[in-house]
Amino acid sequence: MMKTEAKKVWMDGELVDFADARSHVLGHSLHYGVGVFEGIRAYETPRGTAIFRLKEHVARLLMSARFYFMQVPYSAAEIEQAIVDTTAANDIVPAYIRPLVYRGEPGLGVKKMTGKVSLAIGVIPATKYLGPGSEEGVKTKISPYRKPRSDAIPSYAKAAGNYLNSYLAGVDALKEGYEEAILLDALGHLAEGTGENIFLVRNRTLYTPGTESDILMGITRDSVIRIARDLDYEVIEKALSVNELYSADEAFFSGTFAEIVPIRSVGQYMIGDGKVGLVTRQIAEVFYRAVQGKEKRYAEWLTPVPKLVAPAIRARP
Ligand code: PMP
């Protein structure tokens, strides 16, 4: 059964009511975009609710914080536990989980490196980033907004400020009647979507931009590469041109919020025959089975969320 109401937000160690999860309007992160976050999904599995690749998401959150000199006052294990607890407290499935590291106390001035670093964890009902039905393919365009080079804004950090670029590209695409934008990097190579990595398929080989690119190293991207190789497909990580995109047999996006989304067209060009390609479909099928705990081989990707038990009655002192 779908359970859909957000109840609690974890804020610096406490579960507060959703309506009370507030931050000061003069907080540093709000003004300058210096905050880092994660997007994580929890799925219903035969063994109850489970979080997909929790460890990898928490590791990336801490790496992102390091990029911005934010000292997170919790260990990876503590953050993982807090995410499990918050997911259990909200009892929402499927869920989208949003941990955010930020400076929320009043304090203006760009070059702030001191002051309290906070962690908040929200859990909301999961929806499809690219809309209902996006698993059957979306219409995209090449964005006029390029990805900034990583010597301007490091793309490996999942920082709030990075999403100014995603926002401009995404809104431009929507205004023009497309469902998603594909951003190029400063040299004109394919980078990624507004919140997804990109894969091309040609002659049953998969291609995706490599680790040297100005992209976020997606955890779904990593899952797709592993699944594809396990299915005996070759996966090549390299710089990709728009020529290679327009002439691909298949193309798709991968991301936590989007999941796996076939690209039907790019601007005026249809990709393949405009339908979901066979390779994309096969990989998506294994992916959706894995996240739902139906693929033994990938069982280690799932962290179970035990039901919250009522607090034990304390013995009188
Ligand atoms: N690129 C960008 C810019 C993103 O925001 C995301 C979503 N986190 C991704 C790629 C995909 O990453 P992941 O698979 O880890 O969600």
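Note that the coordinates shown come from a computational prediction; the quantities given were computed from them, not determined experimentally.

Overview of the domain arrangement of the protein chain
And step 1. Structurally, the protein chain comprises domain 1 (8-127 + 300-304) and domain 2 (134-276).
And step 2. With centres defined by C-alpha atoms, the gap from domain 1 to domain 2 works out at 25 Å.
And step 3. Facing the 22 residues of domain 1 at the interface are 21 residues of domain 2.
And step 4. Counting each side, the surface lost to burial between domain 1 and domain 2 is near 1,800 Å², with a carbon and sulfur contribution of 61%.
And step 5. Our count for the domain 1 to domain 2 interface comes out at three salt bridges.
And step 6. Two residues, Asp-222 and Arg-53, come together in a salt bridge whose shortest N-O distance is 2.8 Å.

Quick word on the pattern of salt bridges
And step 1. Taken as a whole, this structure holds 20 salt bridges when the rule is applied.
And step 2. Glu-80 is paired through a salt bridge with Lys-55; the nearest N and O atoms lie 3.1 Å apart. With Glu-80 in helix H3 (residues 76-90) and Lys-55 in helix H2 (residues 54-67), this pair connects stretches of sequence that are 25 residues apart.
And step 3. Bridged by salt links that share partners, the residues Arg-226, Asp-230, Arg-297 and Glu-300 form one connected network.

Section: the site of the ligand
And step 1. Around the ligand, the surrounding shell holds 15 residues, and the nearest of these are Tyr-163, Glu-192, Ile-219, Thr-220 and Thr-256.
And step 2. In this structure, Thr-220 approaches the ligand through a side-chain N or O atom, which is 2.6 Å from an oxygen atom.
And step 3. At 2.6 Å, a side-chain N or O of Thr-256 approaches an oxygen atom of the ligand.
And step 4. Mapping the ligand onto the cavity grids shows that it belongs to the largest pocket.

Things to note about the pairing of strand E15 (residues 259-266)
And step 1. For E15, a buried count of seven out of eight residues is recorded, marking the element as mostly surrounded by other parts of the structure.
And step 2. Across three bridges, the pairing between strand E8 (residues 138-142) and E15 is parallel. Its bridge partner lying in E15, Val-138 is registered against Ile-263.
And step 3. By the bridge criterion, four bridges tie strand E14 (residues 250-255) to E15 in an arrangement that is antiparallel. Across the sheet, the residue bridging to Phe-252 is Pro-262, located in E15.
And step 4. Counted between consecutive antiparallel strands, the loop separating E14 from E15 contains three residues.
And step 5. Two strands pair when backbone bridges link them, and E15 and strand E16 (residues 269-270) are joined in this way by two bridges, in the antiparallel orientation.

Conventions used here
- Residues numbered from 1 in each chain as written.
- Predicted model: local features only at pLDDT ≥ 70, side-chain atom pairs only at ≥ 80, totals over all residues.
- Heavy atoms only, no water.
- Domains from an automatic or database assignment.
- Contact = heavy atoms within 4.5 Å.
- Buried area = accessible area lost by both parts, 1.4 Å probe.
- Salt bridge = Lys/Arg side-chain N within 4 Å of Asp/Glu carboxyl O.
- Helix = DSSP H or I, 4+ residues; strand = E, 2+ residues; numbered from the N terminus.
- Near = heavy atom within 4 Å.
- Polar contact = N/O pair within 3.5 Å; in protein donor to acceptor, adjacent residues only side chain to side chain.
- 1 Å grid on protein atoms, 1.4 Å probe; cavity = no way out; pocket = protein on both sides within 12 Å on 5 of 7 lines; lining within 4 Å.
- Sits in = over half its atoms within 2 Å of the grid points.
- Buried < 20%, exposed > 50% of the residue type's maximum accessible area, 1.4 Å probe, protein only.
- Pairing = 2+ DSSP bridges.

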